[in-house]
Amino acid sequence: TSRIGGMEPFLTITEVARRTGLSAHTLRYYERAGLIAPVARACGGQRRYAATDLDWIGFLLRLRETRMPIERMLAFARLRSRGEGTAPERRQMLQTHLADVLDTIATMQQAALVLEQKIAHYQAMEAALSAYPPTPERGNHDCMHHHTDG
């Protein structure tokens, strides 16, 4: 970390990579692609990230975690770079994306319930098997079940 001209501390690409979990390569790609505005440079050309850059990268990571497609992330970044006048469009994009995220969460919750039910089914089967293990006289009753339990 260094201070340039007595202003806020700036971070190197290595420090930003460590803090965000992104690789230096990914950070450079985000800048080339337009997800991150051109980053300030030190005299030797090394990137120097400000706190605002780190905040924006953190937000991009949240969008990525919610599976926002990169094309939409780029569109959002372009709107952001045009300034506060694009706030209504950005808010609408986020509202639409939030609705998609909530739909995905609801779908995943339903899938989780089915998995929990199936796990309970197999636990009950295991308990029955341990109480009454198959014997040569009784045979293996699994062979008699229909294939409805997945």
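Quick caveat, the model's predicted, so the values are computed rather than measured.

Visitor: Can you walk me through the nonpolar core in this structure?
Guide: The tendency in soluble globular proteins is for nonpolar side chains to be buried as a group. Residues Val-16, Leu-27, Leu-35, Ile-36, Tyr-49, Ile-57 and Leu-60 are the most contacted members of the largest nonpolar core, which totals 24 residues. Of all the elements in the fold, those that place two or more residues in this core are helix H1 (13-20), helix H2 (24-33), helix H3 (51-65) and helix H4 (70-81). When residues in this core are grouped by element, the largest group, six residues, is from H3.

Visitor: Is there a simple way to think about the packing of H3 against H4 in this case?
Guide: Relative placement of two packed helices is described by the angle separating their axes and the distance separating the axes. Relative to each other, H3 and H4 sit at 150°, their axes nearing to 11 Å. It follows from the interaxial angle that H3 and H4 lie roughly antiparallel. The handedness of the crossing between H3 and H4 comes out as right-handed. Where H3 abuts H4, its residues Trp-56, Phe-59, Leu-60, Leu-63 and Arg-64 lie against Met-73, Phe-76, Ala-77 and Arg-80. Taken together, the residues of the contact of H3 with H4 sort by class into seven nonpolar, no polar and two charged.

Visitor: In this structure, what is going on with the pattern of salt bridges? I would like to understand it.
Guide: Under the counting rule described, the total for this entry stands at four salt bridges. The salt bridge involving Arg-62 is made with Glu-65; its shortest N-O contact spans 3.0 Å. Placement of both Arg-62 and Glu-65 in helix H3 is noted, with a separation of three residues, approximately one turn of the helix. Linking Arg-72 and Asp-100 is a salt bridge whose minimum nitrogen-to-oxygen distance equals 3.4 Å. Residue Arg-72 is located in helix H4, and its partner Asp-100 is located in helix H5 (residues 87-131); the two are separated by 28 residues in the primary sequence. Among the charged side chains, a salt-bridge network with shared partners connects Glu-31, Arg-41 and Arg-47.

Visitor: Could you clarify how one ought to interpret the packing of aromatic side chains in this entry?
Guide: Aromatic rings considered in pairs are described by the distance between their centres and by the relative angle of their planes. Inspection of the entire model under this criterion finds four aromatic pairs. Aromatic rings pair up to connect Trp-56, Phe-59 and Phe-76 into one cluster. Sitting over the ring of Trp-56, Arg-80 keeps its end group 3.9 Å from the ring centre.

Visitor: Explain H3 to me, please; I cannot follow it from the model alone.
Guide: Residues that lie three or four places apart on an α-helix share one face, since the helix turns once every 3.6 residues. Over its 15 residues, H3 extends 21 Å from the first C-alpha to the last, a length consistent with the 21 Å expected when each residue adds 1.5 Å. Buried within H3 are the following residues: Asp-53, Leu-54, Trp-56, Ile-57, Gly-58, Leu-60, Leu-61 and Leu-63. Its buried side turned inward, H3 meets H1, H2, strand E4 (47-48), H4 and H5. Positive phi shows up at Arg-67, right after H3, with a value of about 65°.

About the cut-offs
- Residues numbered from 1 in each chain as written.
- Predicted model: local features only at pLDDT ≥ 70, side-chain atom pairs only at ≥ 80, totals over all residues.
- Heavy atoms only, no water.
- Core = buried A, V, L, I, M, F, W, Y, C linked by side-chain atoms within 4.5 Å.
- Buried < 20%, exposed > 50% of the residue type's maximum accessible area, 1.4 Å probe, protein only.
- Helix = DSSP H or I, 4+ residues; strand = E, 2+ residues; numbered from the N terminus.
- Axes fitted to C-alpha atoms, helices over the stretch in contact; angles between N-to-C directions.
- Parallel < 35°, antiparallel > 145°, perpendicular 65-115°, else oblique.
- Left-handed = near helix turned anticlockwise from the far one by under 90°.
- Contact = heavy atoms within 4.5 Å.
- Nonpolar A, V, L, I, M, F, W, Y, C, P; charged D, E, K, R; others polar.
- Salt bridge = Lys/Arg side-chain N within 4 Å of Asp/Glu carboxyl O.
- Phe/Tyr/Trp six-rings, centres within 6.5 Å; stacked < 30°, edge-to-face > 60°.
- Lys NZ or Arg CZ within 6 Å of the ring centre and 35° of its normal.
- Expected span 1.5 Å × (residues − 1).

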